[in-house]
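Spelled out, the chains give:
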Amino acid sequence: MTSARTRARLVERLRAQGISNEEVLNVMGAIPRHEFIDEALSHKAYDDTSLPIGFGQTISQPYIVARMSELAAGVPERLSALEIGTGCGYQTAVLAKLFKTVHTIERVGGLLRNTRERLGRLGIHNARLRHADGSHGLKELSPFNVILITAAAPIVPESLIDQLADRGRLIFPVGTQEQELRMIERHGEDFLESRLEKVNFVPLLPGLS
Ligand code: SAH
């Protein structure tokens, strides 16, 4: 149930859902998703659903991780990515295989402690984890080639676009009940926004916990 064969089936399903970036498919075929969730749920680890990870939070559905990672992988330079909403660290692990360095911010301290230990155990050493409210990004370490937000804000987080490198991408869900995945791409001082598809994320919340 947690074998390489199960992961190969996950990859085939992602392909059928329209994910075509081979690098992303390879990475997701290699990362043991069952290590990111409670053992009692590991029989569901490769289903295409989000799952609870404690602290009222979830691990994102594999399709959405693949979709966001594919958009992230499309930037011309992959030096540095910022993720807002670390959770269990699955998306962080995928980004860590695609980017030289990943900075990731989580507001729930208990979750972050588990995730730090997990990523260490899995040998992922190019992810820097930070306990903070990520709504304002991480100005002192900007610019980033990609900023990826894995919790939904009610409005477009325009303050973050200053932290994008040229030709960088801000990938984020926006909305409350009805949410949409969007991307803002920087071209010098021009910003091109695309509206992508309907999604369902936990809310981006203020402050620490
Ligand atoms: N990236 C995760 C998805 C985590 S769910 C995955 O791979 O499955 C979203 C996470 O965002 C939750 O852990 C939640 O606590 C966190 N979050 C919500 N608001 C936040 C904020 N303002 N700053 C940082 N993290 C936040």
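Right above here is the structure, for reference.
The following paragraphs examine the structure supplied in this document. Predicted model, so just to flag it, every value in this text is computed and none were measured. (Residues numbered from 1 in each chain as written. Predicted model: local features only at pLDDT ≥ 70, side-chain atom pairs only at ≥ 80, totals over all residues. Heavy atoms only, no water.)

### A short note on unusual backbone geometry
Piece 1. Put simply, S142 and P143 share a cis peptide bond, and its omega is 10 degrees.
Piece 2. One non-glycine residue, F55, lies in positive phi territory at about 55 degrees.
Piece 3. In this fold, F55 is placed in the loop between strand 1 (51-54) and strand 2 (57-59).
Piece 4. Using a relative accessible area of 48% as the deciding quantity, one classes F55 as partly exposed.
Piece 5. The backbone of R167 shows a phi angle near 65 degrees, a positive value even though the residue is not glycine.
Piece 6. Along the polypeptide, R167 turns up in strand 7 (residues 164-175).
Piece 7. Judged by relative accessible area, R167 falls into the partly exposed class, the value being 46%. (Helix = DSSP H or I, 4+ residues; strand = E, 2+ residues; numbered from the N terminus. Buried < 20%, exposed > 50% of the residue type's maximum accessible area, 1.4 Å probe, protein only.)

### A closer look at the sheet that holds strand 6 (residues 144-149)
Piece 1. Reading across from one edge, 5-4-3-6-7-8-9 is the order of the 7 strands in this open sheet, with mixed pairing throughout. Both edges of this open sheet fall to strand 5 (127-131) and strand 9 (190-199), since each of them pairs with a single strand only. Adjacent strand axes in the sheet meet at a mean angle of 15 degrees, parallel and antiparallel pairs treated alike.
Piece 2. Along the sheet, helix 5 (residues 109-121) makes contact with strand 4 (101-106) and strand 5, crossing strand 5 at roughly 165 degrees. (Pairing = 2+ DSSP bridges. Axes fitted to C-alpha atoms, helices over the stretch in contact; angles between N-to-C directions. Contact = heavy atoms within 4.5 Å.)

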